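# Observations on the model geometry
Take a look at the letters that make up each chain.
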Amino acid sequence: MSKRVKKNHRAGFVALIGRPNVGKSTLVNRLLGQKVSIVTPKPQTTRTRIQGILTLPEAQVVLVDTPGLGGGQGALKTAMQRVAGDAAADSDVALVLVEVRGDTPEITDADHAVLKEARKSRGSIVAAINKVDLIKRKDILLPWLAALGQELGDVPLIPISARTGDGLDILVAELVKRLPESPQLFPEDVVTDQAERVLAAELVREQLLLRTRDEVPHSAAVVIEQFEDERDAKGQGLCRLEGRIYVERESQKAIVVGKGGHQIKEVSTAARKAIEEMLGCKVFLRLTVHVDPDWTGNPKGVQRRMSDQGL
Ligand SMILES: Nc1nc2c(ncn2[C@@H]2O[C@H](COP(=O)(O)OP(=O)(O)OP(=O)(O)O)[C@@H](O)[C@H]2O)c(=O)[nH]1
Ligand SMILES: [Mg+2]
């Protein structure tokens, strides 16, 4: 990689900050055209800092996905909030993401808390209102823009849809403008800092989240302990993965395993397909379920289950 600064080339860190479920991970994946962060309709899906690197001719935008602010439980919650706050403080731009919630705009304390974190950025703030594809009547957007605009002051506010891609060109241009002049920070073929092993564990957790409810999604942690790429030079052969799913109680284990192992089989089949797509390799996946009592409730438990993913 050349260290010479191309004229006007910009590069830096953009931290996505927002409440749970507003679409931060969806936006990162959409901008990259590749899945680096799991997405579910449940809040508190993302638990750690996940970096996605968007390399453009004129700029390199390092998108930092973070856990939603205000979500989680116990020591896991504390760790997740710290990750988001640190990412904001360490950013050249804090991108505040808000979602359209109903017909009447309402700015809550939770929104104020998000803005407070974003203001820790050493750089500037850009805001985007996501999920505009859900708005059936265009006149609903205007009061939302007015209410948020009043809250944000002279921060630019861009309506977007991470799902359809609406408004994303404008958003990226606003982000790039605010990055410092700098050569590329990463080689251009690097898209994420997430190891394949960690991404595979996340794809398993995504399927668990999609298939369970109540407290099970928040109590589940996944680790891939064995990852053997047995492909030969011609690319023939298997990738063999062995993973462990941890929950907090025997009753949760029974739910994850399901009657006659039905649930864990479904999770495993769906996760295997997703991992095959990511690796471009035929996958053998073996999952087992274990109980680690109350791991989310204490810092040692969080370290035990999440240190693999940098939490
Ligand atoms: N209709 C619509 N749905 C969206 C859009 N962006 C995200 N979603 C959906 O919103 C839900 C949450 O998306 P995520 O990307 O997981 O949200 P997040 O902010 O990363 O959530 P946490 O990781 O829990 O903080 C998912 O069901 C997405 O499919 C959008 O632009 N339009
Ligand atoms: Mg997320």
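Residues numbered from 1 in each chain as written. Chains lettered and ligands numbered in written order. Predicted model: local features only at pLDDT ≥ 70, side-chain atom pairs only at ≥ 80, totals over all residues. Heavy atoms only, no water.

### Side note on the coordination of the magnesium ion (ligand 2)
Rules: Keep in mind that water is not among the atoms, so a site may look incomplete; donors are the N, O and S atoms within 2.8 Å of the metal, or 3.2 Å for Na, K and Ca. Secondary structure elements follow DSSP: runs of H or I of four or more residues count as helices, runs of E of two or more count as strands, with numbering from the N terminus. Working definition: with a 1.4 Å probe on protein chains only, accessible area under 20% of the residue-type maximum means buried, over 50% means exposed, and in between means partly exposed.
On the protein side, the magnesium ion (ligand 2) has Ser-25 (OG) and Thr-46 (OG1) as donor atoms, found 2.0 to 2.1 Å from it. Taken together, the positions of Ser-25 in helix H1 (residues 24-32) and Thr-46 in the loop between H1 and strand S2 (50-55) put the pair 21 residues apart, joining distant regions of the chain. Take Ser-25: its relative accessible area is 8%, and that puts it in the buried class. Judged by relative accessible area, which is 7%, Thr-46 ranks as buried.

### A word on the sheet that holds strand S8 (residues 238-247)
Picture the strands of a sheet paired through backbone hydrogen bonds; they go either parallel or antiparallel. Cut-off, in case you're wondering: Following DSSP output, two strands are said to pair if at least two bridges run between them. Structural elements are reduced to axes, namely lines fitted to C-alpha atoms, with helices fitted over the stretch in contact, and the angle between N-to-C directions of any two is expressed from 0 to 180 degrees. Contact definition: two residues touch when any of their heavy atoms are within 4.5 Å.
Pairing within the open sheet is mixed, and its 3 strands lie in the order S7-S8-S9. Only two strands of the sheet have a single partner each, and these edge strands are strand S7 (221-229) and strand S9 (282-291). The sheet shows a mean angle of 15° between the axes of neighbouring strands, taken without regard to direction. By the bridge criterion, 10 bridges tie S8 to S9 in an arrangement that is parallel. Bridged to Cys-239 within S9 is Val-283. Relative to the sheet, helix H9 (residues 262-279) contacts S7, S8 and S9, its axis offset from that of S9 by approximately 135°.

### Topic: the sheet that holds strand S5 (residues 124-130)
Across the sheet, which stays open at both edges, the 6 strands sit in the order S2-S3-S1-S4-S5-S6 with mixed pairing between neighbours. Both edges of this open sheet fall to S2 and strand S6 (157-159), since each of them pairs with a single strand only. Across the sheet, the mean angle separating the axes of adjacent strands is 25° when strand polarity is ignored. Relative to strand S4 (residues 93-99), strand S1 (residues 10-18) is paired through 5 bridges, and the arrangement is parallel.

### Description of the state of the cysteines
This is how it is decided: For this text, the term disulfide refers to a pair of cysteine sulfurs within 2.5 Å.
Using the criterion set out here, one finds 1 disulfide in the structure. In this model, Cys-239 is linked to Cys-281 through a disulfide, with the two sulfur atoms separated by 2.2 Å. Given an S-S torsion of about 115°, the disulfide between Cys-239 and Cys-281 has right-handed geometry. With a gap of 42 residues between them, Cys-239 in strand S8 and Cys-281 in the loop between H9 and S9 connect regions that are remote in the sequence.

### Section: the nonpolar core
Short version of the rule: Throughout this description, the term nonpolar core refers to a set of buried Ala, Val, Leu, Ile, Met, Phe, Trp, Tyr and Cys residues connected via side-chain atoms within 4.5 Å.
Grouped together as the largest cluster of nonpolar side chains are 27 residues, with contacts concentrated most on Val-14, Leu-27, Leu-63, Leu-95, Ile-160 and Leu-171. Sorting the residues of this core by element identifies S1, H1, S2, strand S3 (59-65), S4, S5 and helix H5 (168-177) as the ones contributing at least two each. Among the elements that take part in this core, H5 stands out by supplying 5 residues, more than any other. When residues no more than four places from it in sequence are discounted, the contact partners of Val-14 are Val-61, Val-62, Leu-63, Val-64, Val-93, Leu-95, Leu-175 and Leu-179.

### Considering the side chain of Gln-60
Defined as follows: Polar contact criterion, stated in full: a pair of N or O atoms within 3.5 Å, where within protein one must be able to donate a hydrogen and the other to accept it, and residues adjacent in sequence count only if both atoms are side-chain atoms.
In this fold, Gln-60 is placed in strand S3. Here Gln-60 falls in the buried class, since its relative accessible area comes to 0%. Within the local environment of Gln-60, its side chain forms a polar contact with the backbone nitrogen of Leu-185, the two atoms lying 2.6 Å apart. Not counting residues up to four positions away in its chain, the partners in contact with Gln-60 are His-9, Arg-10, Ala-11, Gly-12, Ile-53, Leu-54, Thr-55, Leu-179, Gln-184, Leu-185, Phe-186 and Pro-187.

### What about the domain arrangement of the chain?
Quick note on the threshold: Annotation comment: domain bounds sourced from an automatic or database domain assignment. Throughout, buried area stands for the accessible area (probe radius 1.4 Å) lost by two parts on being put together, summed over both. Salt bridges, as used here, are contacts in which a Lys or Arg side-chain nitrogen is within 4 Å of a carboxyl oxygen on Asp or Glu. Under the grouping applied here, Gly and all other residues not named as nonpolar or charged are polar, the nonpolar ones being Ala, Val, Leu, Ile, Met, Phe, Trp, Tyr, Cys and Pro and the charged ones Asp, Glu, Lys and Arg.
By the assigned domains, the chain splits into domain 1 (10-177) and domain 2 (196-309). In this assembly, 17 residues from domain 1 lie in contact with 23 residues from domain 2. Of the roughly 1600 Å² buried between domain 1 and domain 2, counting both surfaces, carbon and sulfur atoms make up 57%. Inspection of the domain 1/domain 2 interface yields 1 salt bridge. Between Glu-206 and Lys-35 there is a salt bridge; the shortest N-O distance is 2.7 Å. Along the contact surface separating domain 1 from domain 2 lie 11 residue pairs in polar contact (both at pLDDT 80 or more). Class assignment of the residues belonging to the side of domain 1 that touches domain 2 gives a composition of 8 nonpolar, 6 polar and 3 charged.

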